[in-house]
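Residue-level listing of the chains:
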Protein chains: 2
Amino acid sequence: MGSKERINRHKENIRCNILRAALAIGKGSGWNSVSMRKIADSIEYSPPAIYEYFNSKEALLQELARLGFLQLSERINQARNNSDNDPKAQLLLMWAAYWDFAFAEQHLYQIMFGVETTCCDINEPLTDSQVPAALFSEVIGLLVGQVEKAGEIIQKYYYACWSFVHGLISINLIGRHLPQKISEQILTEAISGIIDTLIAPGNNLSKEPYIEEV
Amino acid sequence: MGSKERINRHKENIRCNILRAALAIGKGSGWNSVSMRKIADSIEYSPPAIYEYFNSKEALLQELARLGFLQLSERINQARNNSDNDPKAQLLLMWAAYWDFAFAEQHLYQIMFGVETTCCDINEPLTDSQVPAALFSEVIGLLVGQVEKAGEIIQKYYYACWSFVHGLISINLIGRHLPQKISEQILTEAISGIIDTLIAPGNNLSKEPYIEEV
DNA sequence: ATAGCTTTATTAACAGTGTAAAGGTAGGAG
DNA sequence: CTCCTACCTTTACACTGTTAATAAAGCTAT
């Protein structure tokens with residue numbers, strides 16, 4: 001009486017095909033163009049058949065995101081296990097693993113954290129979206145002074161601050177709320193810290209920008 | 001012959017109403033539920049009428065985002081002008097202005113930077129999406145040691161690193177590419193810097209976590 | 001003033017979306 | 001062999017963005 005298991009295996013197989021199809025379409029043409037009908041077409045079933053396996057499109061994508069989290073966790077774990085016992089080295093490798101995952105599986109990362117990539121693809125120079133960068137860069141420039149490669153340094157520090165602020169905002173907006181007070185504390189401390197490395201006399205920006213030399 | 005101007009004023013007025021209606025719906029029920037028909041309903045015109053003013057829904061939302069950038073720039077500028085001439089103090093206030101804008105106008109911020117908030121609203125404890133946090137926290141814990149309020153400190157450092165990494169990834173995915181090499185450089189330097197403040201003996205985490213005491 | 005043209009808006013329609021309800025069909029259980 | 005359950009399909013509904021055809025209004029020039 002292994003027929004039950006065979007059927008279960010079969011169902012599991014279809015479920016897996018659905019997920020694979022959705023991911024393939026998402027990777028190929030972006031998440032916006034993923035539709036139940038296209039998935040159904042791809043697995044050669046009728047659209048409502050999918051609802052035997054997932055309650056909604058939302059649930060389907062969420063399951064895909066969940067698998068993404070499993071994969072991400074696996075990579076982070078590997079990074080730790082493949083390194084020696086120094087916690088700092090471990091952390092660096094673990095974050096590098098996180099980083100690598102995000103780009104290797106960028107489509108998964110998008111649904112995991114709701115990063116819309118179709119929004120404002122303003123790549124032309126001097127649009128309104130680039131005014132903030134200009135404003136910040138000007139003031140950062142005052143701290144950097146007239147050194148060599150000032151432009152590069154300013155850009156680097158601007159992106160460092162921006163990444164931090166934008167990341168913290170995104171995480172808050174997505175719903176993983178820290179208490180606002182803690183977020184703001186993290187914010188000001190981090191920005192202040194980054195700025196201090198700019199001010200520090202004799203700083204060697206390209207090596208250890210976020211800590212004074214001992 | 002001021003009729004031409006009167007007409008232009010009228011058109012500009014309608015255009016503005018369209019934008020206002022879209023923003024109102026977006027604020028009220030989320031951007032996903034903004035539709036041309038609802039906008040049309042709201043301004044008491046037929047749906048295709050909107051296409052006299054905007055080439056597409058995409059263009060409409062992009063214009064809304066553009067106005068958001070103007071507003072953001074304005075706030076950053078004000079923050080600078082309202083402070084004294086110390087660049088560091090200015091930068092702190094400018095980033096605080098950026099932060100405040102993001103939450104005061106969070107719906108605008110969403111379309112400006114493509115932050116989907118409807119994605120994975122996993123607030124239950126111990127889901128797969130929280131495994132990465134646990135992995136990192138464990139290693140951070142090794143650095144923190146058995147001090148008082150270790151949990152809080154770990155959380156704070158985890159969120160600091162995560163914000164940074166996620167922000168940098170998001171910015172790259174959105175399309176404002178820095179050369180990958182520079183991004184990775186910023187990444188490792190920042191993480192390393194944050195970690196070092198943990199390791200530093202006698203560190204005073206709540207005051208100056210990202211720089212050693214002189 | 002009237003003819004014609006431009007602008008502005010409408011209605012109708014197309015192709016696509018997620019999803020629910022109803023119906024059929026096959027396979028296992030009694 | 002009958003019944004029942006699980007699976008799947010067809011049909012349908014209420015939406016979506018967008019286009020084509022059309023009508024009405026207003027300005028311009030004869």
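Since we're looking at a predicted model, the values are computed, not measured.

Rules and cut-offs
The residue numbers shown here count from 1 along each chain, following its written sequence. Written order decides the labels, with chains lettered from A and ligands numbered from 1. In keeping with the model being predicted, local features are shown solely for residues with a pLDDT of at least 70 and side-chain atom pairs are shown and tallied solely at 80 or more, while totals for entire chains, interfaces and linings include all residues. To obtain the side-chain values, all non-hydrogen atoms of the structure were used and water was disregarded. Only DSSP runs of H or I covering at least 4 residues are called helices, and only runs of E covering at least 2 are called strands; the numbering of each starts at the N terminus. Whether a residue is buried, partly exposed or exposed follows from its accessible area with a 1.4 Å probe, protein chains only, as a fraction of its type maximum: under 20%, in between, or over 50%, in that order. Contact between two residues is taken to exist if any of their heavy atoms lie within 4.5 Å; hydrogens are not considered. Accessible areas in this description were obtained via Shrake-Rupley with a 1.4 Å probe; residue shielding takes into account the shown protein chains only. Residues below a pLDDT of 70 in either copy are left out; the C-alpha atoms of the rest, at least 70 in both, set the least-squares superposition of the copies. Proximity is defined per residue: any heavy atom of the residue falling within 4 Å of a molecule or strand makes that residue near it. Pairs of N or O atoms within 3.5 Å make up the polar contacts considered here, provided that, within protein, one atom can donate a hydrogen while the other can accept it, and that residues adjacent in sequence are counted only when both atoms are side-chain atoms. The definitions used throughout rest on a 1 Å grid laid over the protein atoms alone, on which a cavity is an enclosed set of points accommodating a 1.4 Å probe that cannot get out and a pocket is an open set flanked by protein within 12 Å on both sides along at least five of seven lines; lining residues are those having an atom within 4 Å of a point. Grid points are joined across faces, edges and corners, and a volume is the space filled by probe spheres set on the points. Gly is placed with the polar residues, together with every amino acid not listed as nonpolar (Ala, Val, Leu, Ile, Met, Phe, Trp, Tyr, Cys and Pro) or charged (Asp, Glu, Lys and Arg). Comment: axis = line fitted to C-alpha atoms, over the contacting stretch for helices; angle = value between 0 and 180 degrees taken between N-to-C directions. Roughly parallel refers to an angle under 35 degrees, roughly antiparallel to one over 145, roughly perpendicular to one between 65 and 115, and oblique to any angle outside these ranges. Working rule for handedness: look at the near helix, and if it is turned counterclockwise from the far one by less than a right angle, call the crossing left-handed; if clockwise, right-handed. Expected span of a helix: the number of residues minus one, times 1.5 Å. Residue-level confidence of the predictor, termed pLDDT, takes values from 0 up to 100. Buried area: the accessible surface (1.4 Å probe) lost by two parts on joining, summed over both. Salt bridges are counted wherever a side-chain nitrogen of Lys or Arg sits within 4 Å of a carboxyl oxygen of Asp or Glu. UniProt positions are given in the numbering used here, feature names are shortened, and annotations may be inferred rather than shown by experiment. Classification of ring pairs uses Phe, Tyr and Trp, with its six-membered ring standing for Trp, and accepts pairs whose centres are within 6.5 Å; under 30 degrees between planes counts as stacked, over 60 as edge-to-face, and the remaining range as tilted.

Attention now goes to the overall build of chain A. Helices and strands together make up the secondary structure of chain A, namely 8 helices and 0 strands. Moving toward the C terminus, one meets the helices and strands of chain A in the order α-α-α-α-α-α-α-α. Taking all 214 residues of chain A together, 51% fall into the buried category. The long-range fraction of contacts in chain A, counting pairs at least 24 apart against all pairs at least 6 apart in sequence, stands at 50%. Only carbon and sulfur atoms are counted for the fraction: they give 50% of the accessible area of chain A, which is about 10,800 Å².

Once chain B has been moved 0.0 Å along the axis and rotated by 180°, it coincides with chain A to within an RMSD of 0.0 Å. Accordingly, the operation relating the two chain copies is best matched by a two-fold axis. Across chain B, the rotation axis passes nearest the C-alpha of B:Gly167, at a separation of 1.8 Å. The fraction of interface residues of chain B whose copies in chain A are also interface residues reaches 100%, indicating that both copies meet through the same surface.

With respect to spatial proximity, 19 residues lie near DNA strand C, and among them A:Met36, A:Arg37, A:Tyr51, A:Lys57 and B:Ser46 are the closest. Restricting attention to atoms of DNA strand C within 4 Å of the protein, one finds that 56% of them are sugar or phosphate atoms. In this structure, A:Tyr51 approaches DNA strand C through a side-chain N or O atom, which is 2.8 Å from a phosphate oxygen. B:Arg37 is positioned such that a nitrogen or oxygen atom in its side chain is 3.5 Å from a base nitrogen of DNA strand C. Every element with two or more residues in the surface near DNA strand C is listed here: helix 2 (36–43) of chain A together with helix 1 (3–29) of chain B. With 3 residues, the top contributor of residues to the surface near DNA strand C is helix 2 of chain A.

Let us now look at empty space enclosed by the protein. Tallied over the full model, the rule gives 2 cavities of 30 Å³ or more. Reported here for the second largest cavity is a volume of approximately 50 Å³. A:Phe113, A:Gly114, A:Val115, A:His166, A:Ser170, A:Ile174, B:Phe113, B:Gly114, B:Val115, B:His166, B:Ser170 and B:Ile174 are the residues that line the second largest cavity. Here the residues of the lining of the second largest cavity are counted per class, giving 6 nonpolar, 6 polar and no charged.

Relative to each other, helix 6 (residues 131–144) of chain A and helix 4 (residues 87–104) of chain B sit at 160°, their axes nearing to 9 Å. The pairing of helix 6 of chain A with helix 4 of chain B is recorded here as roughly antiparallel in orientation. Handedness of the crossing formed by helix 6 of chain A with helix 4 of chain B: left-handed. On the side of helix 6 of chain A, the interface is formed by A:Leu135, A:Phe136, A:Val139, A:Ile140, A:Leu142 and A:Leu143, while helix 4 of chain B contributes B:Pro87, B:Lys88, B:Gln90, B:Leu91, B:Met94, B:Trp95 and B:Tyr98.

The next subject is helix 3 (residues 57–81) of chain B. For helix 3 of chain B, built from 25 residues, the straight-helix expectation of 36 Å at 1.5 Å per residue is met to within 8% by its first-to-last C-alpha distance of 36 Å. For helix 3 of chain B, the full list of buried residues reads B:Leu60, B:Leu61, B:Glu63, B:Leu64, B:Ala65, B:Gly68, B:Phe69, B:Leu72, B:Ser73, B:Ile76, B:Ala79 and B:Arg80.

Here the focus is the confidence of the model for chain A. Averaged over all residues, the pLDDT of chain A equals 87, while 86% of them reach at least 70. Across residues 204–214 of chain A the pLDDT falls below 50, and counting only partners more than four positions away or on other chains, this stretch makes 33 contacts in the model.

On to the interface of chain B and chain A, then. Each partner contributes residues to the interface: chain B has 93 residues there, and chain A has 93 residues. Summed over both sides, the interface between chain B and chain A buries roughly 9,400 Å², with carbon and sulfur atoms accounting for 72% of that surface. Among the residues chain B hides against chain A, the three largest losses belong to B:Trp95, B:Trp99 and B:Phe136. Together they make up 9% of the total. The interface formed by chain B and chain A contains 8 salt bridges. A salt bridge links A:Asp128 to B:Arg66; its shortest N-O distance comes to 2.7 Å. Connecting chain B to chain A are 14 residue pairs in polar contact (both at pLDDT 80 or more). Contributions of two or more residues to the side of chain B that touches chain A are made by helix 3, helix 4, helix 5 (106–113), helix 6 (131–144), helix 7 (150–174) and helix 8 (180–199) of chain B. In terms of residue count, the dominant contributor to the side of chain B that touches chain A is helix 7 of chain B (19 residues). Broken down by class, the residue content of the side of chain B that touches chain A amounts to 53 nonpolar, 24 polar and 16 charged.

In the region of DNA strand D, 19 residues are neighbours, and A:Lys11, A:Ser46, B:Arg37, B:Tyr51 and B:Lys57 sit closest. Here DNA strand D approaches the protein such that, of its atoms within 4 Å, sugar and phosphate make up 57%. Interatomic distance of 3.0 Å between a side-chain N/O atom of B:Ser35 and a phosphate oxygen of DNA strand D. Between DNA strand D and B:Tyr51, the relevant distance is 2.8 Å, taken from a phosphate oxygen to a side-chain nitrogen or oxygen of the residue. When contributions to the surface near DNA strand D are tallied by element, the ones reaching two or more residues are helix 1 (3–29) of chain A together with helix 2 (36–43) of chain B. Classifying every residue of the surface near DNA strand D gives 9 nonpolar, 3 polar and 7 charged.

Next up on the list: the UniProt feature "DNA-binding region" (unreviewed entry) in chain A. Here, UniProt's "DNA-binding region" (unreviewed entry) annotation points to residues 35–54 of chain A. The span residues 35–54 of chain A is 40% helix and 0% strand, and its two end C-alpha atoms sit 13 Å from each other.

This next bit is on the packing of helix 3 (residues 57–81) of chain A against helix 4 (residues 87–104) of chain A. Two packed helices can be described by the angle between their axes and the distance between those axes. Residue and element names in this part refer to chain A. Where helix 3 contacts helix 4, the axes come no closer than 8 Å and their chain directions differ by 145°. The two elements helix 3 and helix 4 meet at a crossing, and its hand is right-handed. In contact with Gly 68, Gln 71, Leu 72, Arg 75, Ile 76, Ala 79 and Arg 80 of helix 3, helix 4 contributes Gln 90, Leu 93, Met 94, Ala 97, Tyr 98, Asp 100, Phe 101 and Ala 104. For the contact of helix 3 with helix 4, the residue count by class is 9 nonpolar, 3 polar and 3 charged.

As enumerated under the stated definition, the model contains 25 aromatic pairs over all chains in all. Centre to centre, the rings of A:Trp95 and B:Phe136 are 3.7 Å apart; their planes meet at 15°, and the pair counts as stacked. With A:Trp95 in helix 4 and B:Phe136 in helix 6, this residue pair bridges two chains. Residue classification places B:Phe136 among the buried positions, given a relative accessible area of 0%. Measuring from centroid to centroid gives 5.6 Å for A:Tyr158 and A:Tyr159, while their planes differ by 70°, and the two rings are edge-to-face. Here A:Tyr158 and A:Tyr159 have matching classes, each one buried.

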